[in-house]
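Spelled out from the first residue to the last, the chains are:
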Amino acid sequence: MSLREAVVTVRETGDFTALQESIPYARFMGITAELVDGDVTARMRYSEHLVGNAAVPALHGGTLGALMESTAIFKLLWHGETTTVPKTINITVEYLRSARAADVFARAVFTRRGRRVANVRVFAFQDDPDRPVAVATAHFLLVQD
Amino acid sequence: MSDSFLPQRDEIRRRLEGRYVGAVPHNQALNLRVVDYRPEHLSLALPYRDDLVGNPETGVLHGGCITSLIDATCGGAVIMSLAAPRRIATLDLRIDYVRPALPHQEVICDAHCYKVTRHVAFVRATAHHGDEESPIATASGTFVVFRDEGRQDDDGEST
């Protein structure tokens, strides 16, 4: 299935399987998404190659950024009106606590979704959604350059 | 550079590749490579790979692996700036994508740790395809530097 077809499937069924399967990096990272209580929840399945500090052990900061950027894009695709993949303008990742060697989940909130640009906040957590391990704010370009 | 300085540089490169790139599972999974280093500066390369592509229609690498490259390079630049080995953790990292990355090309990140205080280090970085005058991304990050090596604090992500 092409990326565009996979995006259409997400819109029509809320099933992200084809979309995540069509993105090589999502497969490499073990990043998946599903609708939970009507909202997109993304998950990064723990794997040894995601570790940044083997002594603690703690997940690599970059992997948390990757999960949160992916979460925002999944949610924008689910909500979007075109099949154009949003382009990341910028992302700021803030690390709040060490992420242990376990699955990480993330949810995104649209702070503002205009016609051209969306501002999205993302929260990544492990056990307790109220105790995020990292948060991100990102801007996305929703139209072609 | 004099010839007598070369063995020392090779030794530093070996240590960087062994302890920083090789000993960090995710850096190794991305095949990060040391390109250049000098005090307060580090450059790492992320080789292009099909399994790191974010958009199969364009073949461009996913922003996530560029985030990991920039985080790793900035953290390494902090380590290169410290007089003694310390545990560090990223506090925040901001990345601006100033132009689209190109498919089938490796990405190089140059990071400069321009200020270290007692507990915090400040870093600026750019990511490019080999021409640093034409960046794909510019970034800035702050890192906390742990002075108490014996304790594992719960206030930051370990790099």
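Here is a short report on the structure shown in this document. (Residues numbered from 1 in each chain as written. Chains lettered and ligands numbered in written order. Predicted model: local features only at pLDDT ≥ 70, side-chain atom pairs only at ≥ 80, totals over all residues. Heavy atoms only, no water.)

## A short note on the overall build of chain B
Looking only at helices and strands, chain B has 3 helices and 9 strands in total. The buried share among the 159 residues of chain B stands at 50%. Put simply, of all contacts in chain B between residues at least 6 apart along the chain, 59% involve residues at least 24 apart. (Helix = DSSP H or I, 4+ residues; strand = E, 2+ residues; numbered from the N terminus. Buried < 20%, exposed > 50% of the residue type's maximum accessible area, 1.4 Å probe, protein only. Contact = heavy atoms within 4.5 Å.)

## Thoughts on the environment of Asn27(B)
Tracing the backbone through its elements, the reader meets Asn27(B) in helix α2 (residues 25-29). The spatial distance from the C-alpha of Asn27(B) to the C-alpha of Val123(B) is 19 Å, given a sequence separation of 96 residues. With residues up to four places along the chain from it excluded, the contact list for Asn27(B) reads His60(A), Tyr20(B), Val21(B), Leu32(B) and Ala72(B).

## A closer look at the interface of chain B and chain A
Of the residues lining the interface, 40 residues belong to chain B; the matching set on chain A comes to 40 residues. Overall, the association of chain B and chain A removes approximately 3100 Å² of surface from exposure, summing both partners, and the carbon and sulfur fraction of that is 57%. Here Arg4(A) and Glu57(B) are joined by a salt bridge, their closest N and O atoms 3.3 Å apart. Taken together, chain B and chain A are joined by 14 residue pairs in polar contact (both at pLDDT 80 or more). At the level of secondary structure, the elements contributing two or more residues to the side of chain B that touches chain A comprise α2, β3 (53-55), α3 (63-81), β5 (88-97) and β9 (157-158) of chain B. The leading source of residues in the side of chain B that touches chain A is β5(B), at 8 residues. Tallied by class, the residues present in the side of chain B that touches chain A amount to 14 nonpolar, 14 polar and 12 charged. (Buried area = accessible area lost by both parts, 1.4 Å probe. Salt bridge = Lys/Arg side-chain N within 4 Å of Asp/Glu carboxyl O. Polar contact = N/O pair within 3.5 Å; in protein donor to acceptor, adjacent residues only side chain to side chain. Nonpolar A, V, L, I, M, F, W, Y, C, P; charged D, E, K, R; others polar.)

## A word on the packing of helix α4 (residues 61-79) of chain A against α3(B)
Contact geometry of α4(A) with α3(B) gives a least axis separation of 8 Å together with a crossing angle of 155°. As far as their axial angle goes, α3(B) and α4(A) are roughly antiparallel. Handedness of the α4(A)/α3(B) crossing: right-handed. Residues Gly61(A), Gly62(A), Thr63(A), Gly65(A), Ala66(A) and Glu69(A) of α4(A) touch α3(B), and the partners they reach there are Gly63(B), Gly64(B), Thr67(B), Ser68(B) and Asp71(B). For the contact of α4(A) with α3(B), the class distribution of residues is 1 nonpolar, 8 polar and 2 charged. (Axes fitted to C-alpha atoms, helices over the stretch in contact; angles between N-to-C directions. Parallel < 35°, antiparallel > 145°, perpendicular 65-115°, else oblique. Left-handed = near helix turned anticlockwise from the far one by under 90°.)

## A look at the packing of aromatic side chains
Evaluation of the coordinates by the stated rule reveals 4 aromatic pairs over all chains. The interplanar angle of 45° and the centroid separation of 6.4 Å between the aromatic rings of Tyr114(B) and Phe122(B) together place this pair among those described as tilted. For Tyr114(B), a relative accessible area of 36% puts it in the partly exposed group. The class of Phe122(B) is partly exposed, set by a relative accessible area of 29%. In this structure, Lys75(A) packs its charged tip against the face of Phe110(A), placed 5.3 Å from the ring centre. Sitting over the ring of Tyr114(B), Arg124(B) keeps its end group 3.8 Å from the ring centre. (Phe/Tyr/Trp six-rings, centres within 6.5 Å; stacked < 30°, edge-to-face > 60°. Lys NZ or Arg CZ within 6 Å of the ring centre and 35° of its normal.)

## Focus on unusual backbone geometry
Residue Pro57(A) is bonded to the preceding Val56(A) through a cis peptide linkage, with omega at -15°. Unlike most non-glycine residues, Asn31(B) shows phi in positive territory, near 60°. Inspection of the secondary structure puts Asn31(B) in the loop between α2 and β1 (33-38).

## Here's the deal with the side chain of Ser43(B)
Mapping Ser43(B) onto the fold places it in strand β2 (residues 41-46). Side-chain polar atoms of Ser43(B) contact the side chain of Asp110(B), separated by 2.6 Å.

## Things to note about the pattern of salt bridges
Opposite charge on two side chains makes pairing possible when the charged atoms of those side chains draw close. Counted according to the given criterion, the structure contains 7 salt bridges over all chains. For Asp127(A), the salt bridge goes to Arg100(A), with nearest N and O atoms at 2.8 Å. Placement of the pair is Asp127(A) in the loop between β7 (117-125) and β8 (134-141) and Arg100(A) in the loop between β5 (87-95) and β6 (104-113), with a sequence separation of 27 residues. Accessibility expressed as a relative area gives 63% for Asp127(A), which makes it exposed. In this structure, the salt-bridge partner of Glu106(B) is Arg33(B), at a minimum N-O distance of 3.1 Å. Of the two residues, Glu106(B) sits in the loop between β5 and β6 (107-116) while Arg33(B) sits in strand β1, which places them 73 residues apart along the sequence. Residue class for Arg33(B) comes out partly exposed when judged on its relative accessible area of 35%.

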